[in-house]
Amino acid sequence: MRSFKVAPNQTAPQSKARKMKDKELIQKLFGRYDVSNFPKIIKYMQEFDQKVKPYNNYGKPYFKGTPKFSFYEYLKNQQLNQTPEAIDTVFERLASFTQNLPNWNNPGTMINVVPPVNLASLSVVNYIQGLNSNFAQDAYAGFLITAELEVTKYISDLVGWNWQKSIGVFTFGGKGTSLYATKIALSKCDPDVSMYGCKAFNYFILTSATAHPCHYEVCDWLGLGKNSCIEIPCLENGEIDLLKTEKIICNELEKGKIFLGCNLNGGSTNELYIDPIKSVYNLISKISQKYKLTYRPHLHVDSVIGWVYLFFQNYDFTNNPLNINKNSLKKIHFLSNLAQDFKYADSMGIDFHKTGFCPYASSLFLCRERQDYFAMNPAKYQDLQDLEYGNYNPYHTTLELSRPATGAVTALVSLKTLGVEGFQQIYSSMFEASELFRKKLAQDSRVCIINPESCWLASLFILKPENYQNLNLDDIIALDNSIQQEIKNFNINFAKYIQQKACNSEINFVFTSSRSHVIPGTNISLGTLKAYPMSVFFDQYSVVKIIQELKNCIDDYITNYTNNDTRNITSLISDDMVYKEKSRKYEGQK
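Quick notes on the rules
Residues numbered from 1 in each chain as written. Predicted model: local features only at pLDDT ≥ 70, side-chain atom pairs only at ≥ 80, totals over all residues. Heavy atoms only, no water. Helix = DSSP H or I, 4+ residues; strand = E, 2+ residues; numbered from the N terminus. Rg over C-alpha atoms; globule rule 2.2 N^0.38 Å. Buried < 20%, exposed > 50% of the residue type's maximum accessible area, 1.4 Å probe, protein only. Contact = heavy atoms within 4.5 Å. Areas by Shrake-Rupley, 256 points an atom, 1.4 Å probe, with all protein chains shown as cover. Lys, Arg positive; Asp, Glu negative; His and termini not counted. Charge placed at Lys NZ, Arg CZ, Asp CG, Glu CD. Pairing = 2+ DSSP bridges. Axes fitted to C-alpha atoms, helices over the stretch in contact; angles between N-to-C directions. Parallel < 35°, antiparallel > 145°, perpendicular 65-115°, else oblique. Left-handed = near helix turned anticlockwise from the far one by under 90°. 1 Å grid on protein atoms, 1.4 Å probe; cavity = no way out; pocket = protein on both sides within 12 Å on 5 of 7 lines; lining within 4 Å. Points joined across faces, edges and corners; volume = space filled by probe spheres on them. Nonpolar A, V, L, I, M, F, W, Y, C, P; charged D, E, K, R; others polar. Polar contact = N/O pair within 3.5 Å; in protein donor to acceptor, adjacent residues only side chain to side chain.

Participant: What should I look at first to understand the overall build of the protein chain in this one?
Facilitator: Each helix and strand in the protein chain was counted, giving 18 helices and 11 strands. Relative to the compact-globule value of 25 Å for 590 residues, the protein chain shows a C-alpha radius of gyration of 27 Å, a close match. Along the longest, intermediate and shortest principal axes, the C-alpha atoms of the protein chain span 95 × 65 × 55 Å. Taken over 590 residues, the protein chain has a buried fraction of 51%. Considering only residue pairs separated by 6 or more positions, the protein chain has 73% of its internal contacts joining residues 24 or more positions apart. For the protein chain, the exposed area adds up to about 29,400 Å²; of that, 53% sits on carbon and sulfur atoms. A gap of 5 Å separates the mean positions of the 62 positive and 57 negative side-chain charges of the protein chain.

So, in structure tokens, the structure goes:
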């Protein structure tokens, strides 16, 4: 074997210089192991903040930036450096990436269900992330993993479940919660599936026609196929049609297929439709008995948005201590009553990053019975009473083996710092402001509100071209398809116009248009404009300001632009996340 030797008088100085250089690099990037490094982290955050300042645009919908940026053109010129790059230089580069970031604090930023972040939650999780804990098991997380258990208890209490029997795990997002539910449904009806896999074309699960498209996507990911997810028609109020639901289930069972269960709405994205959970629970009991099923089909509620109305279940609607206006109070009470039926579900999805004021991703999958949850890995079943530090290993059943603390920790801090009354106060205030927004918007004859009696914060509306401003929504629905397409293009281009002005910091608000949203009760798409006001700063004062700006924009758009004039406006927002092509409709549907 060859050996390489260096003269003794050369080894020492080279080694010493290298050690000094290594130590300098390590101390700069990793600090020290025997003291807290957070003063250094805070110093770096302050330095990075200074680099971001040129792009800051607080008070506007977006950080400063340009709408035109080619990822390919940027990437083809980048090479990984051989030697360490100065932190200051790296910060300078990364700061430029904050261009066009949405400012969710701004009350006029209304492009999706994304809230501002609770600063106390953010502070704690930034600290915790610096300690690099892993919620795969308690050995890697210390007592910090208690946060996941504690949040599970609080939400179980709100739902009305026995917290000693329920179980919850945080996962990568709302799609993750539906993935867990569908996997449990599969394991309950077919215990051998984990070992031998799915039987092709053998299963079916039901979802609502107004549900999120991820219900189909998780069937794809699990190998069931999107066509195993059958779409249930809805009534005019947005709820699933129970009679058709029963008929579909019976038809499929009589074909010899296995009924996995239902993935229902617990508050849809735009309209906050909540399906009749108790009625479906009773229907599943009836079906199970009729067909002598050896398992109980799983009932999941996709309540990633609507869960917050559980905070109002004990609100004194008679004395109304928050002095919520009469119309808003009535609607909140209605939603609260619907949410109380979540307790009949087998599992739920909860997005704290949507309606809990937490950073991405903070999604909780909550299961009513531990027995159901451990159907995914029965050998690892564990009662809550048996959990002790040293034997808590969520990784036995979780999808992820690398589990960040983000969701559980931020959710716990948000829940504790706001409490039930804090959530009630914030959401009732935002609810009232949203009602006012629609009311003032409806006073403009050029605007047609799609959801005037909405029980949610989102406002859906269209702008009418000059030739059709005397028409109401029913009139427009009755128009020829070519005219409807003209109106649709008019609205899509108006949304592009708004987005570009917002990106240029010319206005203080922004919303989107959807090419695929259909008017409830029809199959007609008019390029619906969608405003999701999710900022805690969205109040009655900001509504007046936004409405006035919006009217000015409508004046300018109608006076100075035509459909052709807006062809070159770049759309800054893709509109296909919530509304995209779903799987086929049930073959028996007309």
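Participant: Please clarify how the environment of L399 should be interpreted in this entry.
Facilitator: Looking at the element boundaries, L399 is found in the loop between α14 (370-373) and α15 (406-442). C-alpha of L399 to C-alpha of S166: the two residues are 233 residues apart in sequence and 18 Å apart in space. Every residue in contact with L399, bar those within four places of it in the chain, is listed here: F172, L179 and Y180.

Participant: Help me understand the sheet that holds strand β9 (residues 459-463), please; the structure alone is not making it clear to me.
Facilitator: Backbone hydrogen bonds are what pair the strands of a sheet, in a parallel or an antiparallel way. Spatial strand order, β8-β9-β11-β10: 4 strands in an open sheet with antiparallel pairing. At either margin of the open sheet sits one strand with a lone partner, and together these are β8 (447-449) and β10 (512-513). Pairing analysis gives 3 bridges linking β9 to strand β11 (residues 529-531), with the strands arranged antiparallel. Bridging across to β11, S459 finds its partner in A531. Strand contacts of helix α17 (residues 481-503): β9, β10 and β11, with the helix running at about 110° to β9, the strand carrying the most contacts.

Participant: In this structure, what is going on with the packing of helix α6 (residues 146-159) against α15? I would like to understand it.
Facilitator: Helix-helix packing is characterised by the crossing angle of the two axes and by the distance between the axes. At their nearest, the axes of α6 and α15 sit 8 Å apart, and the two run at 50° to each other. Classified by the interaxial angle, the pair formed by α6 and α15 is oblique. Read as a crossing pair, α6 and α15 show a hand that is left-handed. Of the residues in α15, those touching α6 at A147, E148, E150, V151, Y154 and I155 are A408, V409, A411, L412, L415 and K416.

Participant: How should empty space enclosed by the protein be read in this particular structure?
Facilitator: Evaluated as defined, the whole model comprises 2 cavities of 30 Å³ or more. Lining the second largest cavity are A181, T182, A185, I205, C262, N263, H298 and H300. The set of elements that each furnish at least two residues to the lining of the second largest cavity consists of α7 (174-189), β4 (258-265) and β5 (298-302). If you tally residues by element for the lining of the second largest cavity, the top one is α7, at 3 residues. Taken together, the residues of the lining of the second largest cavity sort by class into 4 nonpolar, 4 polar and no charged.

Participant: In this structure, what is going on with the sheet that holds strand β3 (residues 229-232)? I would like to understand it.
Facilitator: Spatial strand order, β1-β7-β6-β5-β4-β2-β3: 7 strands in an open sheet with mixed pairing. Each having just a single partner strand, β1 (167-171) and β3 make up the two edges of the open sheet. Between one strand and the next, the sheet's axes are offset by a mean angle of 20°, whatever the strand orientation. By the bridge criterion, 4 bridges tie strand β2 (residues 203-208) to β3 in an arrangement that is parallel.

Participant: Quick question: what am I supposed to make of the layout of surface pockets here?
Facilitator: A probe matching the size of a water molecule, rolled over the atoms, marks out where space remains unfilled. In this structure, the second largest pocket occupies an estimated 890 Å³ of space. Taken together, 29 residues form the lining of the second largest pocket, with Y58, N105, V117, L119 and L122 sitting closest to its centre. Taken together, the elements giving at least two residues each to the lining of the second largest pocket come down to α2 (38-52) and α5 (119-129). Take the lining of the second largest pocket: its biggest share by element is 7 residues, from α2. A breakdown of the residues in the lining of the second largest pocket according to their chemical character gives 21 nonpolar, 7 polar and 1 charged.

Participant: In this structure, what is going on with the side chain of N265? I would like to understand it.
Facilitator: Tracing the backbone shows N265 in strand β4. In this structure the side chain of N265 is engaged in a polar contact, spanning 2.8 Å, whose partner is the side chain of T210. If near-sequence neighbours (up to four positions away) are discounted, N265 is found in contact with S208, T210, A211, Y273, I274, D275, I277, V301 and D302.

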